[in-house]
Amino acid sequence: MKNLLKSGLISSVAALALVACETTGTTGTSASAAKSVTMVAPSPSAENIERHITYLADDALQGREAGTEGYQQAADYVADELKKLGLEPAGDDGSWFQQVPLRSTKRDMDGAFMSLSRDGATQELAHLDDYIIGFPANGKTDEIAADLVFVGYGLQAPEFGIDDYAGVNVEGKIVVVLLGVSADMPSEEAAHYNSTRTRRLTAEANGAVGMISVYDKSSAQRFPWDRVKLSADRASMSWVKKDGTTFTPAPGIRVTATMSPEQGAMLFEGAEMSYADILAMTDEGDTRPPAFVLDGKAKLKSAAVSEDVSSPNVVAILPGSDPDLKDEYVLLSAHLDHTGQRESDDPDADTINNGALDNASGIATTLEATRMLASLAEAGKLRRSVVVTAVTAEEKGLLGSEYYANYPTVPLDSIVANVNLDMPIITYPFVDVIAFGADHSSLGETVREAAAKMDLELIPDPIPQLSIFTRSDHYRFVQQGIPAVFLFLGFGNGGEQQFNDFMNNRYHRPGDDLEQALDFEQGARFSKLNYLVAKSIANADERPTWNEGNFFGELFSKD
């Protein structure tokens, strides 16, 4: 504590202003755990929150896109802050950074090809007007020709009595699947099953070699084709495995394509059900369309141009002191990257997506919570160790966190829990909080108790239709069997309006900058919640557990 005060890492003014002291005894039986230390309770600093966000969201960092100089500046800043706090580097070869090799791939528009053959006639389709070819599974040119089989939404969820592949053989075939959300299960489980990754893995497991997606009515409304076409020339990104190959969740699905809503019907010509019949059935929502063989064969070819870049995760460790628990880790995560710059024909337009709330505020909160945890460690009152990660390429598909989850710098089974922060909207005095994933493990009760200490209510997920639980970095650790929660500000006291206003007007736009009304005091309050949750996990006798019979716990269990 004395060293931290001397270095200015804990404000002496803030410390002197505190009259309460915290006796952080523990319930463990080791000598270290039984040691009682009285210390000044750490206090969060709004000034620190402001300082971090102001640096990370500055125009000079050009939107912190993964693999850019602006992102590297941000990573250097975070590493320097963690060093000041007394953490130890835990990246590659004793450095602060784990370099994440990334492969950026763009479609070769001239190399795309799709044709349909039936009754001895072949029809070549027009790229972008009739279909958009997918990115090749290995980043290289590939070509397939195979029979077509329709498999509904392409799901196999035995827990919910769903098998869209029932009655058909798709070995060596191209499956045609509906692009949309099948709602025959709870929202977070539905988010898992309805993801593109799970659909492709399911198709691969059944022996398919390709996939063509067609829209249902709701997805056609949500994703207008003209807007989809505009994004066709954007790059996709994946991470590169240690053997130099591109990570692909389902490499057996060699080529994919998406049909425009207007042209999807041609796949069903001569089949036992028309596309219009399928749309009518799924729009009613009370029955699932059956699987059946389609008439004819499709030929698909995809080509791409790839470029390799590298972008680091920042990784550091705050060592614990309990001899029995210090080799277990609480993992704190937040993504450091944002979306960079947008194109504009207007020379006076603001083109920088600064990402002040997405996710400079999450990084700032994590740094401030870490500062408070460091005061516990200084006093010998942090039993488990804490790994702090500022991950890259979240905006590219949760890539930095997935790389770390596959190549952790501490043993994977020693990570007891993950607490993730992403896009805390610190623009109003919050009175409640959300913990996405709280219903799946004992971490829900941990968050509830921490919130109660701040007179905050832990509320259920108010936006289950957005499937947030599967859409941020914590989910990559869930997929490794690690209990995780994603902390977020609640919807009370105007929070819902603030959330909707941000999402509709500033999310992934230049307006998410330092000009918006940021409330740094609320950022400090939120960092205290993060601190309390992490402290509770670090000092508990037992590591967190999945709730009995939990879907995600059983699906991803490493036992």
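Since the structure is predicted, the reported quantities are computational estimates derived from the model, not experimental observations. (Residues numbered from 1 in each chain as written. Predicted model: local features only at pLDDT ≥ 70, side-chain atom pairs only at ≥ 80, totals over all residues. Heavy atoms only, no water.)

S.K.: Just checking my understanding: could you explain the overall build of the protein for this structure?
M.R.: A count of helical and extended segments in the protein gives 17 helices and 22 strands. The C-alpha atoms of the protein give 25 Å as radius of gyration, which agrees with the globular expectation for 559 residues (24 Å, within 12%). Viewed in the frame of its principal axes, the protein has a C-alpha envelope of about 85 × 55 × 50 Å. Buried residues in the protein amount to 56% of all 559 residues. Carbon and sulfur atoms make up 47% of the accessible area of the protein, which totals about 23,000 Å². (Helix = DSSP H or I, 4+ residues; strand = E, 2+ residues; numbered from the N terminus. Rg over C-alpha atoms; globule rule 2.2 N^0.38 Å. Buried < 20%, exposed > 50% of the residue type's maximum accessible area, 1.4 Å probe, protein only. Areas by Shrake-Rupley, 256 points an atom, 1.4 Å probe, with all protein chains shown as cover.)

S.K.: Just checking my understanding: could you explain the packing of helix H11 (residues 356–378) against helix H16 (residues 520–539) for this structure?
M.R.: Between two packed helices, the angle of one axis relative to the other and the distance separating the axes together describe the packing. Where H11 contacts H16, the two axes come as close as 8 Å, and the packing angle between them is 50°. Considering the angle they form, H11 stands oblique to H16. Classified by chirality, the crossing of H16 by H11 is right-handed. Here Thr365, Thr366, Glu368, Ala369, Met372, Leu373 and Leu376 of H11 come into contact with H16, specifically with Gly523, Phe526, Ser527, Lys528, Asn530, Tyr531, Ala534 and Lys535. Of the residues in the contact of H11 with H16, the class split is seven nonpolar, five polar and three charged. (Axes fitted to C-alpha atoms, helices over the stretch in contact; angles between N-to-C directions. Parallel < 35°, antiparallel > 145°, perpendicular 65-115°, else oblique. Left-handed = near helix turned anticlockwise from the far one by under 90°. Contact = heavy atoms within 4.5 Å. Nonpolar A, V, L, I, M, F, W, Y, C, P; charged D, E, K, R; others polar.)

S.K.: Could you clarify how one ought to interpret the packing of aromatic side chains in this entry?
M.R.: The description of an aromatic ring pair rests on the distance of the ring centres and on the angle between the ring planes. Tallying each qualifying case throughout the model produces 25 aromatic pairs. Relative to tyrosine 407, the ring of tryptophan 239 has its centre 6.0 Å away and its plane inclined at 90°; by these criteria the two rings are edge-to-face. Of this pair, tryptophan 239 sits in strand S13 (residues 236–239) while tyrosine 407 sits in the loop between helix H12 (399–406) and strand S19 (415–421), and the two are 168 residues apart along the sequence. Tryptophan 239 sits in the buried class, given a relative accessible area of 1%. Residue classification places tyrosine 407 among the partly exposed residues on the basis of a relative accessible area of 23%. Aromatic side chains phenylalanine 268 and phenylalanine 292 sit 6.4 Å apart centroid to centroid with 65° between the ring planes, which places their arrangement in the edge-to-face category. Residue phenylalanine 268 is located in the loop between strand S14 (255–259) and helix H10 (275–284), and its partner phenylalanine 292 is located in strand S15 (residues 292–302); the two are separated by 24 residues in the primary sequence. A residue is classified by how much of its surface remains accessible, and phenylalanine 268, at 3% relative accessible area, is buried. Overall, phenylalanine 292 belongs to the buried group, its relative accessible area being 2%. An aromatic cluster is defined as three or more aromatic residues linked by ring pairs; in this entry it consists of Phe160, Tyr193, Phe469, Tyr475, Phe551, Phe552 and Phe556. (Phe/Tyr/Trp six-rings, centres within 6.5 Å; stacked < 30°, edge-to-face > 60°.)

S.K.: What exactly am I supposed to notice about the sheet that holds strand S6 (residues 121–124) here?
M.R.: What the eight strands build is an open sheet, ordered S6-S5-S15-S8-S11-S12-S14-S7; its pairing is mixed. This sheet does not close on itself; its edge strands, each paired only once, are S6 and strand S7 (131–133). For this sheet, the mean angle separating the axes of adjacent strands, direction not counted, is 30°. Relative to S14, strand S12 (residues 210–215) runs parallel, the two sharing four bridges. Each bridged residue has a counterpart across the sheet, and for methionine 211 the counterpart in S14 is threonine 256. Where helix H7 (residues 196–205) meets the sheet, it contacts strand S11 (174–179), S12 and S14, and its direction lies at approximately 135° from that of S12. (Pairing = 2+ DSSP bridges.)

S.K.: Would you mind going over the nonpolar core with me for this structure?
M.R.: As a rule of thumb, nonpolar side chains are buried together in soluble globular proteins. Core analysis: the biggest nonpolar cluster contains 82 residues, and Ile53, Val78, Leu82, Val314, Leu336, Leu373 and Leu487 have the highest contact counts within it. Among the elements that line this core, the one with the most residues is H11, at 11 residues. Among residues more than four places away in sequence, those in contact with valine 314 are Ala75, Val78, Ala79, Leu82, Trp96, Phe97, Leu336, Val388, Thr389 and Ala390. Of all hydrophobic cores here, the second largest spans 50 residues; its members include Ile144, Ile162, Met259 and Tyr475. (Core = buried A, V, L, I, M, F, W, Y, C linked by side-chain atoms within 4.5 Å.)

S.K.: Sorry, what's going on with the packing of helix H4 (residues 46–56) against helix H5 (residues 69–84) here?
M.R.: Two elements in contact, H4 and H5, have axes separated by 10 Å at closest approach and are oriented at 155°. The orientation of H4 relative to H5 falls into the category roughly antiparallel. Between H4 and H5, the contacting residues are Arg51, His52, Tyr55 and Leu56 on the first element and Gln73, Ala74, Tyr77 and Glu81 on the second. Tallied by class, residues from the contact of H4 with H5 come to four nonpolar, two polar and two charged.

S.K.: Sorry if this is basic, but what is going on with the pattern of salt bridges here?
M.R.: Pairs can form between side chains of opposite charge once their charged atoms are near each other. One pass over the full model with this rule turns up 20 salt bridges. Linking glutamate 143 and lysine 299 is a salt bridge whose minimum nitrogen-to-oxygen distance equals 3.1 Å. Within this pair, whereas glutamate 143 is found in strand S8 (residues 142–150), its partner lysine 299 is found in strand S15, the two being separated by 156 residues in sequence. Residue classification places glutamate 143 among the partly exposed residues on the basis of a relative accessible area of 38%. One salt bridge connects arginine 288 with aspartate 164, and the closest N-O pair in it is separated by 2.9 Å. Placement of the pair is arginine 288 in the loop between H10 and S15 and aspartate 164 in the loop between strand S10 (162–163) and S11, with a sequence separation of 124 residues. Residue classification places arginine 288 among the partly exposed positions, given a relative accessible area of 25%. The exposure class of aspartate 164 is buried, given its relative accessible area of 6%. Within the structure, one salt-bridge network assembled from shared partners comprises Arg51, Asp80, Glu81 and Lys84. (Salt bridge = Lys/Arg side-chain N within 4 Å of Asp/Glu carboxyl O.)

S.K.: Which parts of the structure should I look at to understand the side chain of aspartate 130?
M.R.: Mapped onto the elements, aspartate 130 comes out in the loop between S6 and S7. No salt bridge is formed by the buried aspartate 130; its nearest oppositely charged neighbour, lysine 229, is found at 9.0 Å. Contact partners of aspartate 130, with chain neighbours within four places excluded, come to Leu125, Trp225, Thr258, Met259, Ser260 and Gln263. (Lys, Arg positive; Asp, Glu negative; His and termini not counted.)

S.K.: Help me understand the pairing of S8, please; the structure alone is not making it clear to me.
M.R.: Each regular strand shows side chains that alternate between the opposite faces of the sheet. Relative to S15, S8 runs antiparallel, the two being bridged by eight bridges. Pairing of alanine 146 across the sheet is with alanine 298, part of S15. Note: S8 against S11, three bridges, orientation parallel. By the bridge assignment for S11, valine 149 is matched with valine 175.

Taken by themselves, the reported measurements are silent on function.
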